[in-house]
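# Architecture at a glance
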Amino acid sequence: MSNASITKTTPEWNTINWAKVQRKVFKLQKRIFQAVKSGNKVKAKKLQKLLLKSHYAKLLAIRKVTQDNQGKKTAGVDGKKALRPNQRLKLAKELALKGYKAKALRRVWIPKPGREEKRGLGIPTMKDRVMQALVKSALEPYWEAQFEGTSYGFRPGRSAQDAIQRIYTVINSKAKYALDADISKCFDKINHDHLLSKLDCPNNVKIVIKQWLKCGVMDKGIFEETDSGTPQGGVISPLLANIALHGLINDIRNQFPANKKRKDGSYKTGYQPAIIRYADDFVVLHEDYDVILKCKNLIAQWLKQVGLELKPEKTSIRHTLKSIEHDGKTIDPGFDFLGFNIKSYPVGKYHSGKTPHREILGFKTIIKPSKKKILAHHEAIKKVINANKNAPQAALIAKLNPIIRGWCNYYRTVCSKETFDTEDHILWNMLRAWTVSRKKNRTPLIEALRKYFSYGRRGKWTFQTNGMVLYYHAETEIKRHQLVRAEVSPYDGNWTYWSKRRGIYTGTPMRVSKLLKKQKGICPICKQHFTPDDLIEVDHIIPKSKGGKDRYDNLQALHRHCHDAKSKNDYLYDWLDNGYEWKDDVLTVPTTRD
């Protein structure tokens, strides 16, 4: 225990042994998780205090905020956007709960997708974000040992795909009513007193969290007090929201008996409703309409004590298989949740789903991307193409590939094959229009198309240039998602389970655990040890495009961020090979190239 609280600092930031830092911090987090699981919360709080004083934990918090996080260059009210290595080491010495004072948030307004209204984010200062990351590292394993099994939002090792897979397992063998609900302005209206009373942590930590909740917001030089809500834009905000909503699932389910007696004297098992929550979105599933109505009223009452309420325009009752009448309106079957459309379709006996006892159901549950998200994807691609009408083909491909890959990876676990094919057809029409807009008046269309399309992975109409190939939707392999166990967490230290799960999730051709054993648990790019919460990708050492084989000796396990950086560098090298120049951190287009 004494080794984890070493206060000796390294002379230079770049010489820090990050593998050792991660190992020491994770070891303490694992002990906190296990102490709570065993019911010894006194020991867990002592370990939390030790972690908050640990020099290793402070270094890791600084690295996450200043180097790893996506918003690392966003400034707070003090205007600081970045820290030099010596400033990071100095900040590690200054981090302490005693005497800490939080500064006000800087409000940033961002537009909501598809709406005229804007959402306000409160951006803390760099030091406040680092302190939040440090406190979160101590609070998260403590609460991960207590969170409900069907809560999936903003939790390590869990994703939206887990929530969707959980819904599928509930309705796959029996059609049910669904209460699809959304909490109105969840992050803005959480009652501070209720949240602070719920926080089970050392008193000095609670004082610091209260400062973050009450620190106020600066908007164009005008100070506003914050009487409710958690600071959106803060590192710890999602965890605080999960703590505030903890207990919702179990409290509502316990209002119903586990088994219900039928008229014939037999008992119906599994009568309690299924509730799946992802942050402030949740869905309640049950075969009885009256139970759904009762759940809606109970949830509204439960949320009132937290200072929250349901959003009427986003709360509806539907059925997964049939149309229903509600408030004088006919509502079509199925519902949308987290960008997915979930619906059961009546089919014949040869296509029907079956019960565990092999009885024919007469319907089949299919989950697809929702129409709303498909249209939003169209707009995102269209916006990029229109903004790059005069850009080189390689630059356009470089902008489109991350958008297409990210969208496809999100939907690759459901029935998306037809959707991907349709999207490629629409993309072809958009790129054809892009080509036509660039051709000269007297140039034949087929000749203009041949300038940008050639034979490749997608046949003779592959949109590519030397070294740069457009990633098509249909190239994404459909890979079913394995539902995470309700009781597990990355902090439980079950390395076997999490390494296998990462391998299955990323769709690798070989078990990741074998590669990790060969590499002795070290990423060959960043030379750091893997932890159970790392996202792992399997990569070819020699790319297949360069003649590499799909064999075990040509595979390596990488951190996902290392894999992405390596892919980006591969594209950069291809550009440089084709005449582009790298000057002052800018990729310059050669004058002889279109």
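Residues numbered from 1 in each chain as written. Predicted model: local features only at pLDDT ≥ 70, side-chain atom pairs only at ≥ 80, totals over all residues. Heavy atoms only, no water.

Below, the discussion takes up the overall build of the protein chain. Secondary structure assignment for the protein chain yields 19 helices and 22 strands. Across the 594 residues of the protein chain, 47% fall into the buried class. For the protein chain, the accessible surface area stands at approximately 31,100 Å², while carbon and sulfur atoms represent 50% of it. (Helix = DSSP H or I, 4+ residues; strand = E, 2+ residues; numbered from the N terminus. Buried < 20%, exposed > 50% of the residue type's maximum accessible area, 1.4 Å probe, protein only. Areas by Shrake-Rupley, 256 points an atom, 1.4 Å probe, with all protein chains shown as cover.)

With that out of the way, let us pick up the nonpolar core. Judged by nonpolar contacts, the single largest core of 88 residues is most densely connected at V135, I209 and I299. Examining the composition of this core, we find that 10 residues originate from one element, helix α5 (residues 126–144), more than from any other. Beyond its immediate sequence surroundings of up to four residues, I299 is in contact with L179, L248, I252, F282, V284 and L310. Core analysis: the second largest hydrophobic core is formed by 48 residues, F337, I385, I404 and C408 among them. (Core = buried A, V, L, I, M, F, W, Y, C linked by side-chain atoms within 4.5 Å. Contact = heavy atoms within 4.5 Å.)

Our next topic: the pattern of salt bridges. If the charged atoms of two oppositely charged side chains come close together, the side chains can form a pair. In this structure the tally under the stated criterion is 11 salt bridges. A salt bridge links E224 to R107; its shortest N-O distance comes to 3.1 Å. Remark: R107 occurs in strand β1 (residues 105–111) and E224 occurs in strand β5 (residues 222–224); sequence separation between them is 117 residues. When the shortest N-O distance is used, the salt bridge between R458 and D424 registers 3.6 Å. In this pair, R458 sits in the loop between β16 (453–456) and β17 (459–465) while D424 sits in helix α15 (residues 417–438), placing the two residues 34 residues apart along the sequence. Note on D424: relative accessible area 5%, which makes it buried. (Salt bridge = Lys/Arg side-chain N within 4 Å of Asp/Glu carboxyl O.)

This next bit is on the environment of M218. Considering the arrangement of structural elements, one finds M218 in strand β4 (residues 217–219). Taking the C-alpha atoms as reference points, M218 and K103, separated by 115 residues in sequence, lie 9.9 Å from one another.

Here we take up the sheet that holds strand β15 (residues 363–369). Read across the sheet, 3 strands follow the order β13-β14-β15 without closing on themselves; strand pairing throughout is antiparallel. Of all the strands in the sheet, just β13 (335–337) and β15 have a single pairing partner and so form its edges. Taken over all neighbouring pairs, the strand axes of this sheet differ in orientation by 25° on average, direction set aside. For strand β14 (residues 340–346) and β15, the ladder comprises 7 bridges, and the chain directions are antiparallel. Looking at the pairing, S344 lines up with T365 of β15. (Pairing = 2+ DSSP bridges. Axes fitted to C-alpha atoms, helices over the stretch in contact; angles between N-to-C directions.)

Before going further, it helps to examine helix α3 (residues 55–68). Along its 14 residues, α3 runs 19 Å from first to last C-alpha, staying within 8% of the 20 Å computed at 1.5 Å per residue. Restricting attention to buried positions, one finds in α3 the residues H55, Y56, A57, K58, L59, L60, A61, I62, R63, V65 and T66. Those residues of α3 hidden inside the fold are in contact with α1 (18–37), α2 (41–53), α4 (85–94) and α5. For α3, the side-chain oxygen to backbone nitrogen distance between the N-cap and Y56 is 3.2 Å, and the N-cap itself is S54. (Expected span 1.5 Å × (residues − 1). Polar contact = N/O pair within 3.5 Å; in protein donor to acceptor, adjacent residues only side chain to side chain.)

Bringing unusual backbone geometry into the picture now. The backbone phi angle of F154 is positive, close to 55°, even though this residue is not glycine. One can find F154 in the loop between α5 and α6 (160–171). Classification of F154 by relative accessible area gives partly exposed; the value is 45%. Positioned with a positive phi, K520 is a non-glycine residue whose angle comes to about 60°. Its location among the elements puts K520 in the loop between α18 (512–518) and β19 (536–540).

The subject of this paragraph is the sheet that holds strand β10 (residues 316–319). Within the open sheet, the 4 strands sit side by side as β8-β9-β3-β10. Their pairing is antiparallel. Strands with a single pairing partner mark the edges of an open sheet, and in this sheet they are β8 (274–278) and β10. The sheet shows a mean angle of 20° between the axes of neighbouring strands, direction not considered. In this structure, β8 lies alongside strand β9 (residues 281–286), joined through 5 bridges in antiparallel fashion. In the strand pairing of β9, R277 is matched with F282. Docked against the sheet, α6 engages β8 and β9, running at close to 165° with respect to β8.

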